[in-house]
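Examining the three-dimensional arrangement
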Amino acid sequence: MLSIPALCWLCRLPLQIARHGLCSRCLQQIPALPAICPCCALPASGTRLCGRCLRRPPPWHSLTCVSDYLPPLSDWVIQLKFSRATALRVMLARLLLLKLLNSRRDNLTPRIDLVLSVPLHRRRAWQRGYNQAELLAKPLARWLGCEYRAGVRRRRRGLVQHVLRASARKKNLRGAFSLEMPVRGRHILLIDDVVTTGSTVAEISRILLAQGAASVHIGCLCRTL
(Lines give C-alpha, C1' and ligand atoms only; values in the text may rest on other atoms or scores of the structure.)
Protein backbone atom coordinates (compact mmCIF):
# COMPACT_ATOMS: atom_id res chain seq x y z
CA MET A 1 0.00 0.00 0.00
CA LEU A 2 1.18 3.51 -0.81
CA SER A 3 1.62 5.79 2.19
CA ILE A 4 -0.10 9.18 2.16
CA PRO A 5 2.55 11.94 2.17
CA ALA A 6 2.54 14.41 5.03
CA LEU A 7 1.38 17.88 4.05
CA CYS A 8 2.71 21.27 5.03
CA TRP A 9 0.46 22.79 7.69
CA LEU A 10 0.33 26.08 5.80
CA CYS A 11 0.34 25.51 2.04
CA ARG A 12 -0.88 21.87 2.23
CA LEU A 13 1.69 20.65 -0.32
CA PRO A 14 3.58 17.36 0.28
CA LEU A 15 6.64 17.55 2.52
CA GLN A 16 9.99 15.99 1.75
CA ILE A 17 10.65 15.55 5.50
CA ALA A 18 7.33 14.79 7.15
CA ARG A 19 8.36 15.52 10.74
CA HIS A 20 9.23 19.13 9.92
CA GLY A 21 5.55 20.00 9.49
CA LEU A 22 6.34 23.10 7.40
CA CYS A 23 8.01 23.39 4.02
CA SER A 24 11.03 25.69 3.74
CA ARG A 25 9.01 28.35 1.88
CA CYS A 26 6.27 28.50 4.50
CA LEU A 27 8.82 28.51 7.30
CA GLN A 28 9.93 31.88 5.97
CA GLN A 29 6.36 33.19 6.33
CA ILE A 30 6.48 33.06 10.12
CA PRO A 31 6.59 36.77 11.08
CA ALA A 32 10.15 37.77 11.89
CA LEU A 33 10.89 39.25 15.27
CA PRO A 34 12.11 42.85 15.55
CA ALA A 35 15.20 43.61 17.62
CA ILE A 36 14.31 42.33 21.09
CA CYS A 37 15.86 42.23 24.53
CA PRO A 38 17.39 38.77 25.21
CA CYS A 39 15.99 38.81 28.74
CA CYS A 40 12.36 39.93 28.43
CA ALA A 41 12.00 39.48 24.62
CA LEU A 42 10.27 42.85 24.26
CA PRO A 43 11.34 45.33 21.54
CA ALA A 44 14.73 46.88 22.22
CA SER A 45 17.25 48.98 20.37
CA GLY A 46 19.91 46.28 20.18
CA THR A 47 20.95 42.85 21.40
CA ARG A 48 21.85 43.99 24.92
CA LEU A 49 19.55 44.19 27.92
CA CYS A 50 16.86 46.83 27.56
CA GLY A 51 16.38 49.67 30.02
CA ARG A 52 13.44 47.88 31.63
CA CYS A 53 15.54 44.82 32.48
CA LEU A 54 18.48 46.93 33.67
CA ARG A 55 16.23 48.84 36.06
CA ARG A 56 14.07 45.93 37.19
CA PRO A 57 15.12 42.54 35.76
CA PRO A 58 12.46 39.83 35.58
CA PRO A 59 12.88 36.72 37.77
CA TRP A 60 14.33 34.66 34.91
CA HIS A 61 17.55 34.84 32.90
CA SER A 62 16.37 34.78 29.28
CA LEU A 63 13.21 34.43 27.23
CA THR A 64 13.15 32.78 23.79
CA CYS A 65 10.10 33.02 21.55
CA VAL A 66 9.27 32.09 17.96
CA SER A 67 7.25 35.17 17.02
CA ASP A 68 4.74 37.77 18.09
CA TYR A 69 1.14 36.67 18.60
CA LEU A 70 0.31 36.91 14.89
CA PRO A 71 -1.02 34.54 12.20
CA PRO A 72 -0.25 31.88 11.26
CA LEU A 73 1.40 31.04 14.58
CA SER A 74 -1.40 32.49 16.70
CA ASP A 75 -3.94 30.45 14.69
CA TRP A 76 -2.00 27.25 15.35
CA VAL A 77 -1.76 28.04 19.06
CA ILE A 78 -5.54 28.49 19.25
CA GLN A 79 -6.10 25.23 17.37
CA LEU A 80 -3.71 23.36 19.65
CA LYS A 81 -5.21 24.87 22.77
CA PHE A 82 -8.94 24.84 22.09
CA SER A 83 -9.61 22.59 19.07
CA ARG A 84 -7.68 19.46 20.13
CA ALA A 85 -5.31 19.81 17.16
CA THR A 86 -2.58 17.95 19.04
CA ALA A 87 -0.98 16.84 15.77
CA LEU A 88 0.47 20.38 15.64
CA ARG A 89 2.66 19.75 18.67
CA VAL A 90 5.73 18.36 16.88
CA MET A 91 5.83 21.11 14.25
CA LEU A 92 5.36 23.85 16.86
CA ALA A 93 7.94 22.33 19.20
CA ARG A 94 10.43 22.20 16.32
CA LEU A 95 9.91 25.92 15.60
CA LEU A 96 10.78 26.67 19.22
CA LEU A 97 13.74 24.28 19.10
CA LEU A 98 15.27 26.20 16.19
CA LYS A 99 15.04 29.44 18.18
CA LEU A 100 16.51 27.81 21.29
CA LEU A 101 19.45 26.44 19.33
CA ASN A 102 20.10 29.93 17.96
CA SER A 103 20.05 31.32 21.50
CA ARG A 104 22.57 28.69 22.61
CA ARG A 105 24.77 29.45 19.62
CA ASP A 106 24.71 33.14 20.55
CA ASN A 107 25.60 32.25 24.17
CA LEU A 108 22.29 33.63 25.45
CA THR A 109 21.37 30.37 27.20
CA PRO A 110 23.51 27.70 28.88
CA ARG A 111 23.14 23.97 28.33
CA ILE A 112 19.73 23.06 29.77
CA ASP A 113 19.49 19.97 31.99
CA LEU A 114 15.80 20.08 32.97
CA VAL A 115 12.67 21.06 31.03
CA LEU A 116 9.47 21.97 32.88
CA SER A 117 6.09 23.10 31.57
CA VAL A 118 3.63 25.62 32.96
CA PRO A 119 0.92 23.43 34.52
CA LEU A 120 -2.84 23.59 34.19
CA HIS A 121 -5.11 23.05 37.15
CA ARG A 122 -6.20 19.43 37.21
CA ARG A 123 -9.83 20.35 36.46
CA ARG A 124 -8.90 22.42 33.41
CA ALA A 125 -6.50 19.71 32.25
CA TRP A 126 -9.30 17.15 32.60
CA GLN A 127 -11.70 19.34 30.61
CA ARG A 128 -9.17 19.92 27.82
CA GLY A 129 -7.74 16.42 27.92
CA TYR A 130 -4.09 17.56 27.90
CA ASN A 131 -1.74 20.39 28.80
CA GLN A 132 -0.58 22.12 25.61
CA ALA A 133 2.65 23.33 27.26
CA GLU A 134 3.51 19.75 28.21
CA LEU A 135 2.92 18.60 24.61
CA LEU A 136 5.58 21.09 23.51
CA ALA A 137 7.99 20.43 26.38
CA LYS A 138 8.29 16.65 26.02
CA PRO A 139 9.74 16.53 22.48
CA LEU A 140 11.91 19.57 23.25
CA ALA A 141 13.49 17.77 26.20
CA ARG A 142 14.19 14.74 24.02
CA TRP A 143 15.77 16.82 21.25
CA LEU A 144 17.84 18.82 23.75
CA GLY A 145 19.03 15.61 25.41
CA CYS A 146 17.79 16.49 28.87
CA GLU A 147 15.17 15.46 31.39
CA TYR A 148 11.48 16.44 31.32
CA ARG A 149 9.46 16.40 34.52
CA ALA A 150 5.97 17.56 35.41
CA GLY A 151 7.59 19.13 38.45
CA VAL A 152 5.33 22.14 38.98
CA ARG A 153 1.75 21.77 40.21
CA ARG A 154 -1.06 24.29 40.06
CA ARG A 155 -2.66 24.19 43.51
CA ARG A 156 -5.72 26.30 42.81
CA ARG A 157 -7.57 27.11 39.64
CA GLY A 158 -8.04 30.88 39.78
CA LEU A 159 -9.43 32.98 36.96
CA VAL A 160 -8.37 32.61 33.33
CA GLN A 161 -5.33 34.84 32.93
CA HIS A 162 -6.03 36.33 29.49
CA VAL A 163 -9.24 38.04 30.70
CA LEU A 164 -7.40 39.95 33.45
CA ARG A 165 -5.32 43.11 33.48
CA ALA A 166 -1.64 42.94 34.38
CA SER A 167 -2.07 43.89 38.06
CA ALA A 168 -4.95 41.44 38.50
CA ARG A 169 -2.92 38.65 36.88
CA LYS A 170 -0.20 38.95 39.53
CA LYS A 171 -2.76 38.82 42.35
CA ASN A 172 -4.55 35.87 40.70
CA LEU A 173 -1.30 33.83 40.73
CA ARG A 174 -0.15 34.37 44.31
CA GLY A 175 0.25 30.97 45.93
CA ALA A 176 -1.12 29.24 42.84
CA PHE A 177 1.92 27.00 42.17
CA SER A 178 4.00 24.54 44.13
CA LEU A 179 7.23 22.74 43.27
CA GLU A 180 7.11 18.94 43.44
CA MET A 181 10.81 18.11 42.90
CA PRO A 182 14.31 19.29 43.86
CA VAL A 183 15.90 21.76 41.41
CA ARG A 184 19.00 22.95 43.25
CA GLY A 185 21.91 23.64 40.90
CA ARG A 186 19.96 22.88 37.72
CA HIS A 187 19.61 25.00 34.57
CA ILE A 188 15.90 24.96 33.78
CA LEU A 189 13.90 25.66 30.65
CA LEU A 190 10.28 26.54 31.46
CA ILE A 191 7.85 26.11 28.55
CA ASP A 192 4.56 27.91 27.90
CA ASP A 193 2.59 28.44 24.72
CA VAL A 194 2.08 32.22 25.00
CA VAL A 195 3.71 34.83 27.24
CA THR A 196 1.77 38.09 27.50
CA THR A 197 2.58 40.05 30.66
CA GLY A 198 4.87 37.30 31.93
CA SER A 199 3.06 37.00 35.26
CA THR A 200 2.69 33.21 35.12
CA VAL A 201 6.28 32.39 34.19
CA ALA A 202 7.52 35.03 36.63
CA GLU A 203 5.68 33.43 39.54
CA ILE A 204 7.06 29.98 38.72
CA SER A 205 10.56 31.37 38.12
CA ARG A 206 10.59 32.93 41.59
CA ILE A 207 9.72 29.57 43.14
CA LEU A 208 12.43 27.77 41.15
CA LEU A 209 15.13 30.28 42.05
CA ALA A 210 14.06 30.31 45.69
CA GLN A 211 14.59 26.54 45.72
CA GLY A 212 18.15 26.89 44.41
CA ALA A 213 17.84 26.58 40.62
CA ALA A 214 21.07 27.70 38.93
CA SER A 215 19.17 29.55 36.20
CA VAL A 216 15.70 29.73 34.69
CA HIS A 217 15.06 30.30 30.99
CA ILE A 218 11.66 30.75 29.39
CA GLY A 219 10.64 29.24 26.04
CA CYS A 220 7.36 30.06 24.33
CA LEU A 221 5.78 30.06 20.90
CA CYS A 222 4.37 33.58 21.03
CA ARG A 223 5.46 36.63 22.98
CA THR A 224 2.94 39.44 22.86
CA LEU A 225 5.01 42.45 21.84
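Residues numbered from 1 in each chain as written. Predicted model: local features only at pLDDT ≥ 70, side-chain atom pairs only at ≥ 80, totals over all residues. Heavy atoms only, no water.

If you look the protein chain up in an unreviewed UniProt entry, it shows as Phosphoribosyltransferase from Pantoea rwandensis. Regarding the protein chain, the UniProt comment filed under Sequence similarities (unreviewed entry) reads as follows: "Belongs to the ComF/GntX family." (UniProt positions renumbered as here; feature names shortened; annotations may be inferred.)

A few words on the nonpolar core. One broad trend across soluble globular proteins is that nonpolar side chains are buried collectively. In this structure, Trp76, Leu92, Val115 and Leu221 are the most contacted members of the largest nonpolar core, which totals 36 residues. Secondary-structure elements contributing two or more residues to this core are α3 (73–82), α4 (89–105), α6 (132–144), β6 (187–195) and β7 (215–223). The leading source of residues in this core is α4, at seven residues. Setting aside residues no more than four positions away along its own chain, Leu221 makes contact with Cys65, Val66, Ser67, Leu73, Val77, Leu92, Leu96, Leu136, Asp192 and Asp193. Grouped together as the second largest cluster of nonpolar side chains are 31 residues, Trp60, Cys65, Leu173 and Ala202 included. (Core = buried A, V, L, I, M, F, W, Y, C linked by side-chain atoms within 4.5 Å. Buried < 20%, exposed > 50% of the residue type's maximum accessible area, 1.4 Å probe, protein only. Helix = DSSP H or I, 4+ residues; strand = E, 2+ residues; numbered from the N terminus. Contact = heavy atoms within 4.5 Å.)

Quick look at the pattern of salt bridges now. Inspection of the entire model under this criterion finds six salt bridges. Residue Glu180 is joined to Arg153 by a salt bridge in which the shortest nitrogen-to-oxygen separation is 3.5 Å. Within this pair, whereas Glu180 is found in the loop between β5 (177–179) and β6, its partner Arg153 is found in strand β4 (residues 152–154), the two being separated by 27 residues in sequence. Here the salt bridges share partners, and the residues they tie into one network are Asp113, Glu147, Arg149 and Arg186. (Salt bridge = Lys/Arg side-chain N within 4 Å of Asp/Glu carboxyl O.)

The first and last C-alpha atoms of α4 sit 24 Å apart over 17 residues, in line with the 24 Å expected at 1.5 Å per residue. When we look at burial in α4, the residues that qualify are Met91, Leu92, Ala93, Arg94, Leu95, Leu96, Leu97, Leu100 and Ser103. (Expected span 1.5 Å × (residues − 1).)

Quick look at the state of the cysteines now. By the definition in use, this model includes zero disulfides. Of the cysteine sulfurs around Cys37, a residue in no disulfide, the closest is that of Cys50, at 3.7 Å. Relative accessible area serves as the criterion here: at 0%, Cys37 is assigned to the buried category. The structure places no disulfide on Cys65, whose sulfur is separated from the nearest cysteine sulfur, that of Cys220, by 5.1 Å. By relative accessible area, Cys65 is classed as buried at 3%. (Disulfide = S-S within 2.5 Å.)

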